[in-house]
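Chain by chain, the residues run as shown.
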Amino acid sequence: MAGSYGLLHDIGRAFGDQSMQIRHIFEGYHFLMDEGYPDAARICLTHSFPVQDIHAVTGVWDCTQDEYVFLDNYLQKIEYDSYDKLIQFCDNIALPEGIVTLEKRMVDIVLRYGFDAENTVARWEKLFSIKAELEAAMGCSVEDALGLRVLVEVPDCFLETGG
Ligand SMILES: [Fe+2]
């Protein structure tokens with residue numbers, strides 16, 4: 001299921017123009033609800049909110065007031081499960097050129113949307129918390145699992161601490 005959710009989480013982008021922002025989560029939600037996939041539809045809404053608070057958004061609101069109120073209530077009443085968190089995390093290590101470290105993606109988001117003093121750090125903390133959960137479950141780092149970090153062996157002369 002996780003793979004399907006990952007593939008479908010941004011399907012709402014297929015229904016709007018290139019300028020669409022947060023609205024894509026509602027487009028995807030409504031499409032998948034109409035198709036009879038409420039669990040995948042849920043992911044469309046939750047993937048943009050690692051911090052489970054409608055105010056903790058990155059991007060521009062371009063939805064209706066009714067949609068805003070609906071999402072506010074929705075986020076308050078659900079409890080995130082492993083799929084919500086997994087897709088939130090995966091969305092935050094993905095760039096058009098491929099999978100990158102969480103840190104690189106965080107910088108990409110700040111460069112594109114700016115640093116939101118109220119929300120950026122909370123989002124980072126939440127995403128690193130999800131990363132830790134995933135790593136505990138996997139028994140290895142995300143970087144090792146995905147081959148994201150090339151480790152350079154440090155020569156012994158740099159490791160000597162005497163002196
Ligand atoms: Fe998205």
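Now for a description of the structure that goes with this document. (Residues numbered from 1 in each chain as written. Predicted model: local features only at pLDDT ≥ 70, side-chain atom pairs only at ≥ 80, totals over all residues.)

### Here we look at the environment of Arg 112
For step 1, the next point in the chain: Topologically, Arg 112 is positioned in helix H6 (residues 102-113).
For step 2, the next point in the chain: A count of 9 C-beta atoms within 10 Å places Arg 112 in the exposed class.
For step 3, the next point in the chain: Once the C-alpha coordinates of Arg 112 and Arg 42 are considered, the two residues, 70 residues apart in sequence, prove to be 26 Å apart. (Helix = DSSP H or I, 4+ residues; strand = E, 2+ residues; numbered from the N terminus. Buried ≥ 20, exposed ≤ 12 C-beta atoms within 10 Å, placed from the backbone.)

### Here's the deal with the nonpolar core
For step 1, the next point in the chain: One finds Tyr 5, Tyr 29, Leu 32, Ala 40, Ile 43 and Cys 44 to be the most contacted residues of the largest nonpolar core, which totals 19 residues.
For step 2, the next point in the chain: A total of five residues in this core trace back to one element, the largest contributor, which is helix H3 (residues 38-46).
For step 3, the next point in the chain: If sequence neighbours within four positions are ignored, Ile 43 has contacts with Tyr 5, Leu 8, His 9, Tyr 83, Asp 84 and Ile 87. (Core = buried A, V, L, I, M, F, W, Y, C linked by C-beta atoms within 7 Å. Contact = placed C-beta atoms within 7 Å.)

### Overview of helix H2 (residues 23-35)
For step 1, the next point in the chain: Across its 13 residues, H2 extends 19 Å between first and last C-alpha, which sits within 8% of the 18 Å expected from 1.5 Å per residue.
For step 2, the next point in the chain: Looking at H2, one finds that the buried residues are Arg 23, His 24, Ile 25, Phe 26, Gly 28, Tyr 29 and Leu 32.
For step 3, the next point in the chain: Contact partners of the buried residues in H2: helix H1 (2-8), H3 and helix H4 (65-77).
For step 4, the next point in the chain: At the exit of H2 stands Gly 36, carrying a positive phi of roughly 90°. (Expected span 1.5 Å × (residues − 1).)

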